[in-house]
Amino acid sequence: MTTARNPTFISLALIICFGAIGAVVIAPALPAMAAYFHVSAGQIEQLMTIYLFGYTMGQLLYAPIAHAFGRKPALFLGVSIAIVGTVLCILAEPLHSFSLLLFARLFMALGASVGLKMTFTIVTDVYEGKQAHRHTAFLVSAFAIMPGVATTIGGFLTQHFTWVSCFVFFAGYGLLLLPITWHLPETAKHFDRDAIKFSHILKNYLAVAKHKRLVLHALMVGVITAMTYIFAAVGPFIAIHDLGIRVDVYGMLNIIPYSGILLGSLILARLIGNVKAKKFMRASFVIMLSTILLMLVLFLCHLINMFTLLAPMFIIMASGCCIYSIAINLATSKVDDKTHGAAMMSFINMGFATLATLLVGLFHVEHAVGLAICFLLLSVFLGIMMRMARKKR
């Protein structure tokens, strides 16, 4: 039940998208950045990997701060750090320093990670049960729209200006979030100054890490996140290099798969009250696995074009969104310490996605068949986690 204390949906939507936009806005610019710094595709994909690493570590950083000082101070700190990191990314261009760009992306991610973690913490502060499922689904729908729009903007900016303009855009987004964060209501029920002590931090995280239900569902979320970021890293090379699509055109077409996340979240929000969450998740998994197998067959038959790339991705992201939203709520539903539970869930989620993206870069996955094989392996792992979760009931 909503109250006057609850933050507005638009505020939470803008905040939850912050980190994801920072990751994907440069996706159409990756080939241009590789050419500018004279590095390989595998090396430039490190910009995604190191961002995800910072994004992962940041999940653990803000829970103690939010516990000790409140949700708003944690958000304000994270957004400010992200802005500073983005400015350093901009400076890497005139200095022609790829090393500075990598460091700045890490710093940028450490700040931007606050959006994902604190949004789910705030939702669990004010909603429970089916309301939490529904609000999470709607927030994921916003998460779907904004990264797609950001990719389109990134493609347009790269085509008509330079890749640096992508970072300028993100800095502006961060500056927009500062007053929004300032005017948020504080949803924390109480504060614990001891939460920032190392012994308390370690104790709290070890306690929530013992929840096998949390770990299994967080890994499920990590699989979906990994698919999203792997596509963001590999997709531009397939479309721009292999298929000869213009950067700005690819940016516009990239809205198609992200629209799948929007569709999935809207379907989930409408049906979650009438269909059992776990049955809905299993049905979504079957649809996802079938689509991935179809994609692999098409690519092996050399039927590689924008339709066979983006249409399956639309279905994969739609079904993945349903799994993502349900697994998030199941992960922390039985955990008493919601703040540290949400942080651990996000840490496992982003940690798995980081590892998967790193492996993609190490194995130089740049082509369509490799992308489909990666998705198939991830879906098999997802199926194993779902089966293990059923046995833990």
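Please read all numbers here as calculations on a predicted model, not as lab measurements.

## Here's the deal with the overall build of the chain
When you go through the chain residue by residue, the secondary structure sums to 18 helices and 0 strands. Here the C-alpha radius of gyration of the chain, 20 Å, is about what a compact globule of 393 residues would show, namely 21 Å. Its C-alpha atoms put the chain at 55 × 50 × 35 Å along the principal axes. Put simply, of all contacts in the chain between residues at least 6 apart along the chain, 87% involve residues at least 24 apart. A distance of 15 Å separates the average location of the 27 positive side-chain charges in the chain from that of its 12 negative side-chain charges.

## Section: the packing of aromatic side chains
Overall, the coordinates contain 11 aromatic pairs when judged by the stated rule. Note on Phe-37 and Phe-98: the rings are 5.5 Å apart at their centroids and 50 degrees apart in plane angle, and the pair reads as tilted. One end of the pair, Phe-37, is in helix 3 (residues 30–37); the other, Phe-98, is in helix 7 (residues 98–112), with 61 residues separating them in the sequence. Feature note: the residues Tyr-36, Phe-37, Phe-98, Trp-163 and Phe-167 constitute an aromatic cluster, connected by ring pairs.

## Some words on the state of the cysteines
Enumeration according to the criterion identifies 0 disulfides in this entry. Cysteine Cys-301 shares no disulfide, and the gap to the nearest cysteine sulfur, in Cys-374, comes to 19 Å.

## Describing the nonpolar core
Soluble, globular proteins show a tendency: their nonpolar side chains are buried together. If you look at the biggest cluster of nonpolar residues, it comprises 138 residues, and the most contacted ones within it are Met-33 and Phe-375. In terms of residue count, the dominant contributor to this core is helix 12 (residues 212–242) (20 residues). Excluding anything up to four places from it in sequence, Phe-375 contacts Met-227, Ile-230, Phe-231, Ile-292, Met-295, Met-313 and Ile-316.

## Observations concerning the pattern of salt bridges
Tallied over the full model, the rule gives 1 salt bridge. Arg-246 is the partner of Asp-248 in a salt bridge, and the nearest nitrogen-oxygen pair spans 2.5 Å.

Criteria and cut-off values
- Residues numbered from 1 in each chain as written.
- Predicted model: local features only at pLDDT ≥ 70, side-chain atom pairs only at ≥ 80, totals over all residues.
- Heavy atoms only, no water.
- Helix = DSSP H or I, 4+ residues; strand = E, 2+ residues; numbered from the N terminus.
- Rg over C-alpha atoms; globule rule 2.2 N^0.38 Å.
- Contact = heavy atoms within 4.5 Å.
- Lys, Arg positive; Asp, Glu negative; His and termini not counted.
- Charge placed at Lys NZ, Arg CZ, Asp CG, Glu CD.
- Phe/Tyr/Trp six-rings, centres within 6.5 Å; stacked < 30°, edge-to-face > 60°.
- Disulfide = S-S within 2.5 Å.
- Core = buried A, V, L, I, M, F, W, Y, C linked by side-chain atoms within 4.5 Å.
- Buried < 20%, exposed > 50% of the residue type's maximum accessible area, 1.4 Å probe, protein only.
- Salt bridge = Lys/Arg side-chain N within 4 Å of Asp/Glu carboxyl O.

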